[in-house]
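Here's the letter readout for the chains.
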Amino acid sequence: MELKGQVVMITGGARGIGKAIAEAFAAKGADLVIADISLETADETAKELSQKGVRAKAAKLDVSKAAEVAGVFDETVKDFGRVDILVNNAGITRDGLLLRMKEEDWDLVLGINLKGVFLCTKEAVKVMVKQRYGRIINIASVVAFMGNPGQANYSASKAGIIGLTKTTAREYANRGITANAVAPGFISTAMTDALSENIRQEMLKSIPIGKFGSVDDVASAVAFFAAPENGYITGQVIHVNGGMYM
Ligand code: NAP
């Protein structure tokens, strides 16, 4: 129970990769705040996690809304007393070729995927600076490094996360706060299950390990950065992509 007594906030933690991350932290005994745009799904996930013997609370949060973000952090500090680990996981896609991409789809994706990380990091750092301790882990993507046709908005948001992670790491390193990123490749979730069999087979050809990753593969890299003993690692990226980008 290496994280007993620690408080973890996971954005978009109700399902997919975020839920697997929450389960990995629950297995280590941490208390959890599942902050998701859908309170209903977050509630279901929090109830499941509570049955594993940890404190888990659901919070309704749209990460792109500054007032909601501030409110959720205030509530968390009131209820749990601290925030040790923040996982910025909430993310969406609105794909389309650049020439056809609507400005609103650019703004929506950047607003949630990148501004959301900025807003949550800012609130977390306020708490973590006082604690002189914190772990911030941002979920980026392999497309931040490779680009991907049809994902100008998404790849730009994820590349932005890498710069934001490194700046956060430099600004708060001397306060006991680390900031790192995990860059998943193709992971089996609702997002990738929706792709046609043809596209899935094409993608598999680009993955040396020869299979899609699992949500647990991503959770394991997040848990590494979150470990108290890994405090000398900051501003780094772990690629979880089966070798498709090296
Ligand atoms: P997912 O299954 O769609 O889960 C994302 C979660 O975030 C959902 O619970 C979603 O709620 C929530 N969410 C959406 N907008 C939000 C907002 N504005 N504020 C708070 N929560 C919000 O996605 P996933 O595949 O687990 O992806 C998780 C992260 O990994 C994302 O950042 C994604 O970009 C990244 N990633 C995924 C893959 C992959 O292959 N799956 C690869 C690389 C990176 P609703 O369901 O109610 O919308």
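Conventions we followed
- Residues numbered from 1 in each chain as written.
- Predicted model: local features only at pLDDT ≥ 70, side-chain atom pairs only at ≥ 80, totals over all residues.
- Heavy atoms only, no water.
- Salt bridge = Lys/Arg side-chain N within 4 Å of Asp/Glu carboxyl O.
- Buried < 20%, exposed > 50% of the residue type's maximum accessible area, 1.4 Å probe, protein only.
- Helix = DSSP H or I, 4+ residues; strand = E, 2+ residues; numbered from the N terminus.
- Lys, Arg positive; Asp, Glu negative; His and termini not counted.
- Polar contact = N/O pair within 3.5 Å; in protein donor to acceptor, adjacent residues only side chain to side chain.
- Contact = heavy atoms within 4.5 Å.
- Pairing = 2+ DSSP bridges.
- Right-handed = clockwise from strand over helix to strand, strands pointing away.
- Near = heavy atom within 4 Å.
- Areas by Shrake-Rupley, 256 points an atom, 1.4 Å probe, with all protein chains shown as cover.
- 1 Å grid on protein atoms, 1.4 Å probe; cavity = no way out; pocket = protein on both sides within 12 Å on 5 of 7 lines; lining within 4 Å.
- Sits in = over half its atoms within 2 Å of the grid points.
- Nonpolar A, V, L, I, M, F, W, Y, C, P; charged D, E, K, R; others polar.
- Phe/Tyr/Trp six-rings, centres within 6.5 Å; stacked < 30°, edge-to-face > 60°.
- Lys NZ or Arg CZ within 6 Å of the ring centre and 35° of its normal.

Visitor: Provide a residue-level description of the pattern of salt bridges, including the pertinent values.
Guide: Oppositely charged side chains can form a pair if their charged atoms are brought close together. Inspection of every chain in the model, using the stated rule, returns 12 salt bridges. Between Asp84 and Arg82 there is a salt bridge whose closest N-O contact spans 2.7 Å. With a relative accessible area of 2%, Asp84 lands in the buried category. In this structure, Arg200 and Asp193 form a salt bridge, with 4.0 Å as the shortest nitrogen-oxygen distance. Look at the salt bridges and you will find they share partners, linking Lys57, Glu75, Lys78 and Asp79 into a network.

Visitor: An account of the side chain of Asp31 is requested, with residue identities and associated values reported.
Guide: Considering the arrangement of structural elements, one finds Asp31 in strand E2 (residues 31-36). As a buried residue without a salt bridge, Asp31 has its nearest oppositely charged side chain in Arg55, at a separation of 5.0 Å. Among the polar contacts listed, one links the side chain of Asp31 to the backbone nitrogen of Arg55, at a separation of 3.3 Å. In this view, Asp31 contacts Gln6, Val7, Val8, Val54, Arg55 and Phe80; residues no more than four positions away in its chain are not counted.

Visitor: Which residues make up the pairing of strand E5 (residues 134-139), and what values do they have?
Guide: Note on strand geometry: in a regular strand, side chains alternate between the two faces of the sheet. E5 sits mainly inside the fold: six of its six residues count as buried. Residues Gly134, Ile136 and Asn138 of E5 are buried on one face, and the alternating residues Arg135, Ile137 and Ile139, pointing to the opposite face, are buried as well. Pairing of strand E4 (residues 85-88) with E5, which is carried by four bridges, proceeds in the parallel orientation. Paired with Leu86 across the bridge in E5 is Ile136. Handedness of the E4-helix H4 (residues 103-131)-E5 crossover: right-handed. Where E5 and strand E6 (residues 177-184) come together, six bridges link them in parallel fashion.

Visitor: If you had to explain the site of the ligand to someone new, which residues and values would you point to?
Guide: Near the ligand, the surroundings consist of 27 residues, among which Arg15, Ile17, Asp36, Asn89 and Tyr154 are the closest. One of the backbone nitrogen or oxygen atoms of Ile17 is found 2.8 Å away from an oxygen atom of the ligand. Asp62 has a polar side-chain atom sitting 3.0 Å from a nitrogen atom of the ligand. Relative to its free-state accessible area of 890 Å², the ligand is covered by the protein chains to the extent of 90%. Here the ligand is seated within the largest pocket. Elements represented by at least two residues in the shell around the ligand include exactly helix H1 (16-27), helix H6 (152-172) and helix H7 (190-193). Of the residues that constitute the shell around the ligand, the class distribution is 14 nonpolar, nine polar and four charged.

Visitor: I'd like a description of unusual backbone geometry, backed by residues and values.
Guide: Leaving glycine out, the prevailing phi sign among residues is negative, and the prevailing peptide bond configuration is trans. We note that Arg132 has phi near 60°; this positive angle belongs to a residue other than glycine. With respect to the secondary-structure elements, Arg132 resides in the loop between H4 and E5. Of the residues examined, Arg132 reaches a relative accessible area of 51% and is grouped as exposed.

Visitor: Residues and numbers for the packing of aromatic side chains, please.
Guide: The final tally for this structure, using the stated rule, is three aromatic pairs. Both rings, one in Phe186 and one in Phe212, keep their centres 6.3 Å apart while their planes meet at 70°; by these two values the pair is edge-to-face. With Phe186 in the loop between E6 and H7 and Phe212 in the loop between helix H8 (197-205) and helix H9 (215-226), this pair connects stretches of sequence that are 26 residues apart. Positioned above the aromatic ring of Phe80, the side-chain terminus of Arg55 is 4.1 Å from the ring centre.

Remember that the coordinates give geometry; whether it matters functionally is a separate question.
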